[in-house]
Structure formats: C-alpha cells, structure tokens
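Chain by chain, the residues run as shown.
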Amino acid sequence: MSIAFIDLQAQRLRLNGRIEAAVQAAVVGGAWVMGPQVRQFEADLAAFGQAKHALGCANGTDALILPLIAWGIRTGDAVFCPSFTFTATGEVVPWLGATPVFVDVDAHTFNMDPVQLEAAIEATLKEGRLRPRVVIAVDLFGQPADYPAIRAICDKYGLKLIADSAQGFGCTLNGHHPIKWADITTTSFFPAKPLGCYGDGGAVLTDDDDLAEEMDSLRVHGKVVAKDMKDGQTFDHDPKYLAMRIGMNSRLDTIQAAVLIEKLNVFSDEIGWRNAIADRYNAGLAPHVARVPTVIDGGVSVWAQYTIEHEDRDGLVAHLKDQGVPTAVYYPVPMHLQPAYARFSKGPGSLPVTERLKERVLSLPMHSDLDEATQDTIIAAVAGFR
Ligand SMILES: *Cc1c(COP(=O)(O)O)cnc(C)c1O
C-alpha cells in the first residue's frame, strides 16, 4: 500500500460514521447558513481555545483580514510578519493598502525572531514613511511562536498582535494557548490543517468583547450588532438590512460546523498521537539528518508538519520518492522572494535565515493515523540515503 502524506480517509473511517451522520443531520435540518451547529461549534471552540469569543468565518485568510479591518488598518500602516510562511499571512495586508514588512525567523524554531522583529520596527520608525500598527506571528508547522517576547515588543511600541494559528491551532506555550498573549488568534479549517473540515472554513478567537462584536458585524456585510443599538437607538428599517460598516460575506457553513464539532471532540487525543509520532521520528531520524525539529521550550506543537533539515535536500527528496515516501517542501519561495511581493521586499540576501531554510527543509508524512510500521518504513528510507 502506498504511503499517504496526510491520510484524512483513515481519520474519517476511525470516526465510524459520526461525520457522515452529522452532515446528514445538517442537510436535513435545513439551517444551512448560520445554523445551530455553527453556534455550538463556536462555543466548543472558545472553550477548547481558552478564549471568551470564537466566531466562524469562511477561511483562514478572511480570519486574518477581519481584525485588520476592525482596527482600521490602511495606507501608510506597517504590518510585520514572517516571510517564511504560507502567503495568506501577508496577503491580506495590501488588500487594505497597508504594507507588509517581512521579518526573519529563528534558525531553530522557524518562527518569527523577536530580535529581528524589534530591528524591523526600529528601522521602519527611523525611515519614517510607515506607521507600525500590527504584528502577525505565525505558529509555523504547528508550534507556538515566542509569544512572551513578541508581546513585550508589541507593548513597547503600542502594536496589536495577531496569532496566525492556521497551522498551530491547539498548540500551547507553558500550558497556555496563544490568545493569552495575542489580541486575536486566527485559524483555518482547510482540510489538511490539524483541525480541518471538508472544504473551506476558518475562525477568529478573542477575549476582546468590542473586537468580537465588530468582527461579527463585518463577517455579515456590516450588520447591526448590539453595540449599534445602545443608548436606546432605534431604526426606521428592519436593522437586518442596515449596514453599519463596510463588511463582507465570510460565514462558516453549517455543514462544515457539523463536521468540525465531531473533529474537535477527538482533537486532544489526536494532538497526543501526533506528538508520539514526532517523538518516534525524532529518535529514529536524529542520526541521519542535519536537524530534526526543535520546539520552543515549554511549547507543545500540533505538528501540522514534521519538517527536517538536510544538506542535500533535493537528493533526499528524490531518494524518498524512489522509496515510495511522499514529501513536501514548505516553503520553497518565501514571501519576500515572491513576484507579487517584490515591492515590499528588500530582495535576495535580506532575510538570511529564511533564505537558508528554503534550500534545506523537507516535510515528511504526518497525520494522526500514521501507524508505527509506516513510521519505521519512512525512518528506514531516510536512513538509507547515502
Ligand atoms: C493555510 C494558512 C492560511 C490560510 O488559510 P485558508 O483557510 O487556506 O485561507 C493562513 N496562514 C497560514 C500560516 C496558513 O498555513
């Protein structure tokens, strides 16, 4: 049998008809948009993520734009984010006319380097062209960014902090979810993410009541929300059709919420299994590769990816392909070297750690249902390279 990079059918079969039954109930229930499953999932998600509010939205990219709109981010504002990430992280910034400023990552964790973040903020202030406003930290490959250090920098310069946890939702640092430090956590339920649905979906989590209400309005075309009605304000029209702010359509489908309720029920177990797999990989692979993953002290990863470094990365990729082991390279082209982002970039040589990693990293199969025999086959295949 061939080895899967991510095997979601194995998970579906393990759940033994529960997802199919939940989808059927959502179809028959008929509340296909913002149905009761959405409300239930939002409550479950907030409880799991230790946040006061969780709101579903259409995808993990919209989850990033919602707080930026709510905070009034606009032309002349600087938003600091890593370059070594999926492009969605920085993509939302120019939508509002603002400027992404790309920051280098730590060579061990691959997450935003706080020293480089502060240097980038200082350089931006010195240049005087842009106002620093927001930091987007990414929980790359599933592990938490260095939130205590990044939060301290945000406080020093008066910046908002987004935790882009599309890959890392469920990760913790010293027992806390990123929302302990971030103003908002955003996530994606794209199927391949550690907590995925059967299509597109996303969510935002925050402890900030006002921000939550603002985003609840924005995700439904700027609809009237409770704070718009305060001081006894009344409207001539059905407030349902009043736009109080320029919003968008970014809802989580009821069917996807139904899938997610079932998946969230088993997510803690799955995080445990993923960590057991990563531990076995680490033990088996450490003698054979340049570096096995380093998780930040006190951090628990959800292992969206298990990513190693190798001097002859492309040779190893070809060897593993011959052996029937699928691999992936995340990310071969970091954001600051992407054609579309050239005008926001200082070009090749500007982010040396990121540029070194893109030549050396390689992700191996990782999912909750990866059995020990298959792990051993993969370890043996890597060990057999030269
Ligand atoms: C997947 C991903 C996103 C975007 O999520 P979508 O649901 O695909 O829009 C954002 N940031 C990171 C780091 C991601 O991996």
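Given the structure is predicted, the values throughout are model-derived calculations rather than measurements. (Residues numbered from 1 in each chain as written. Predicted model: local features only at pLDDT ≥ 70, side-chain atom pairs only at ≥ 80, totals over all residues. Heavy atoms only, no water.)

Chemist: Talk me through the overall build of the protein chain; I want residue IDs and the actual numbers.
Modeler: Scanning the protein chain from terminus to terminus reveals 13 helices and 11 strands. Relative to the 2.2 N^0.38 estimate, which gives 21 Å for 386 residues, the radius of gyration of the protein chain is 21 Å and therefore close to what a compact globule would have. Each principal axis of the C-alpha distribution contributes one length, and for the protein chain these read about 75 × 60 × 35 Å. Buried residues in the protein chain amount to 54% of all 386 residues. Restricting to contacts in the protein chain with at least 6 residues of sequence separation, those with at least 24 account for 72%. Surface summary for the protein chain: the accessible area is close to 16,200 Å², and the carbon and sulfur share equals 53%. One finds the centroid of the 34 positive side-chain charges in the protein chain at a distance of 4 Å from the centroid of its 47 negative side-chain charges. (Helix = DSSP H or I, 4+ residues; strand = E, 2+ residues; numbered from the N terminus. Rg over C-alpha atoms; globule rule 2.2 N^0.38 Å. Buried < 20%, exposed > 50% of the residue type's maximum accessible area, 1.4 Å probe, protein only. Contact = heavy atoms within 4.5 Å. Areas by Shrake-Rupley, 256 points an atom, 1.4 Å probe, with all protein chains shown as cover. Lys, Arg positive; Asp, Glu negative; His and termini not counted. Charge placed at Lys NZ, Arg CZ, Asp CG, Glu CD.)

Chemist: Lay out the pairing of strand β1 (residues 53-57) in plain terms, naming residues and giving numbers.
Modeler: Along β1, four of the five residues are buried, which leaves the element largely enclosed by surrounding structure. Of the pairings in the sheet, the one linking β1 to strand β8 (residues 202-206) comprises five bridges and is antiparallel in character. Counterpart to Gly56 in the pairing with β8 is Ala203. (Pairing = 2+ DSSP bridges.)

Chemist: Requested: an account of the packing of aromatic side chains, with residues and values cited.
Modeler: Under the counting rule described, the total for this entry stands at 14 aromatic pairs. Taking the centre distance of 6.2 Å and the plane angle of 90 degrees together, the rings of Phe84 and Tyr331 count as edge-to-face. Taken together, the positions of Phe84 in the loop between β2 (77-82) and α5 (88-95) and Tyr331 in the loop between α11 (313-322) and α12 (352-360) put the pair 247 residues apart, joining distant regions of the chain. Residue class for Phe84 comes out buried when judged on its relative accessible area of 1%. Arranged with centres 5.4 Å apart and planes meeting at 55 degrees, the rings of Tyr330 and Tyr331 form a pair that is tilted. (Phe/Tyr/Trp six-rings, centres within 6.5 Å; stacked < 30°, edge-to-face > 60°.)

Chemist: Lay out the environment of Val103 with the relevant residues and their values.
Modeler: Tracing the backbone through its elements, the reader meets Val103 in strand β3 (residues 99-103). Taking the C-alpha atoms as reference points, Val103 and Gly347, separated by 244 residues in sequence, lie 12 Å from one another. The contacts of Val103, once residues within four sequence positions are left out, are Phe80, Cys81, Pro82, Ser83, Met112, Asp113, Gln116, Leu117, Ala120 and Leu351.

Chemist: Outline helix α13 (residues 372-383), supporting the account with residue identities and numerical values.
Modeler: Quick reminder: α-helices carry 3.6 residues per turn. Residues three or four places apart thus point the same way. Its 12 residues give α13 an end-to-end C-alpha distance of 16 Å, which sits within 8% of 16 Å, the value for a rise of 1.5 Å per residue. Looking at α13, one finds that the buried residues are Gln375, Ile378, Ile379, Ala381 and Val382. Buried residues along α13 cover an arc of 160 degrees about the axis, so they all sit on one side. Residues of α13 that are buried make contact with α10 (267-285), α11 and β11 (361-364). Where α13 begins, the side chain of Asp371 points an oxygen toward the backbone nitrogen of Ala373, at a separation of 3.2 Å. (Expected span 1.5 Å × (residues − 1). Arc of directions from axis to C-beta. Polar contact = N/O pair within 3.5 Å; in protein donor to acceptor, adjacent residues only side chain to side chain.)

Chemist: Before we move on, could you go through the packing of helix α4 (residues 60-70) against helix α8 (residues 209-218) and cite the residues and values that matter?
Modeler: Two elements in contact, α4 and α8, have axes whose closest approach is 9 Å; the angle formed by their N-to-C orientations is 115 degrees. On the basis of their axis angle, the class for α4 and α8 is roughly perpendicular. Crossing of α4 against α8: the hand is right-handed. Contacts between α4 and α8 pair Leu66, Pro67, Ile69 and Ala70 from the former with Leu211, Glu214, Met215 and Leu218 from the latter. Looking at the contact of α4 with α8 residue by residue, the classes come out as seven nonpolar, no polar and one charged. (Axes fitted to C-alpha atoms, helices over the stretch in contact; angles between N-to-C directions. Parallel < 35°, antiparallel > 145°, perpendicular 65-115°, else oblique. Left-handed = near helix turned anticlockwise from the far one by under 90°. Nonpolar A, V, L, I, M, F, W, Y, C, P; charged D, E, K, R; others polar.)

Chemist: Explain the site of the ligand residue by residue, including any values.
Modeler: The environment of the ligand is made up of 13 residues, and the closest members are Gly60, Thr61, Asp164, Ser188 and Lys193. Measuring from an oxygen atom of the ligand, one finds a side-chain N or O atom of Gln167 at 2.8 Å. Within the side chain of Lys193, an N or O atom sits 2.7 Å from an oxygen atom of the ligand. Here the ligand loses 92% of its free accessible area of 380 Å² to cover by the protein chains. At the level of elements, α4 and α5 are the ones that each hand at least two residues to the shell around the ligand. (Near = heavy atom within 4 Å.)

Chemist: Please give an account of the sheet that holds β3 that cites residues and values.
Modeler: Pairing in this open sheet of seven strands is mixed, and the strands run β1-β8-β7-β5-β4-β2-β3 from one edge to the other. Only two strands of the sheet have a single partner each, and these edge strands are β1 and β3. Across the sheet, the mean angle from the axis of one strand to that of its neighbour is 25 degrees, orientation sign disregarded. Of the strands in this sheet, β1, β7 (184-188) and β8 touch α8, which is tilted by about 20 degrees from β1.

Chemist: Describe the pattern of salt bridges, naming the residues involved and giving the relevant values.
Modeler: Side chains bearing opposite charge may pair, as long as their charged atoms lie close to each other. Within this structure, the stated rule accounts for 26 salt bridges. The closest approach of N and O atoms between Glu118 and Lys156, which form a salt bridge, is 2.6 Å. Of this pair, Glu118 sits in helix α6 (residues 114-127) while Lys156 sits in helix α7 (residues 147-157), and the two are 38 residues apart along the sequence. Note on Glu118: relative accessible area 24%, which makes it partly exposed. A residue is classified by how much of its surface remains accessible, and Lys156, at 56% relative accessible area, is exposed. One salt bridge in this structure joins Arg386 and Asp312, with 3.9 Å as the shortest N-O distance. Separated by 74 residues along the polypeptide, Arg386 in the segment after α13 and Asp312 in the loop between β10 (306-309) and α11 bring together distant segments of the chain. Judged by relative accessible area, which is 29%, Asp312 ranks as partly exposed. (Salt bridge = Lys/Arg side-chain N within 4 Å of Asp/Glu carboxyl O.)

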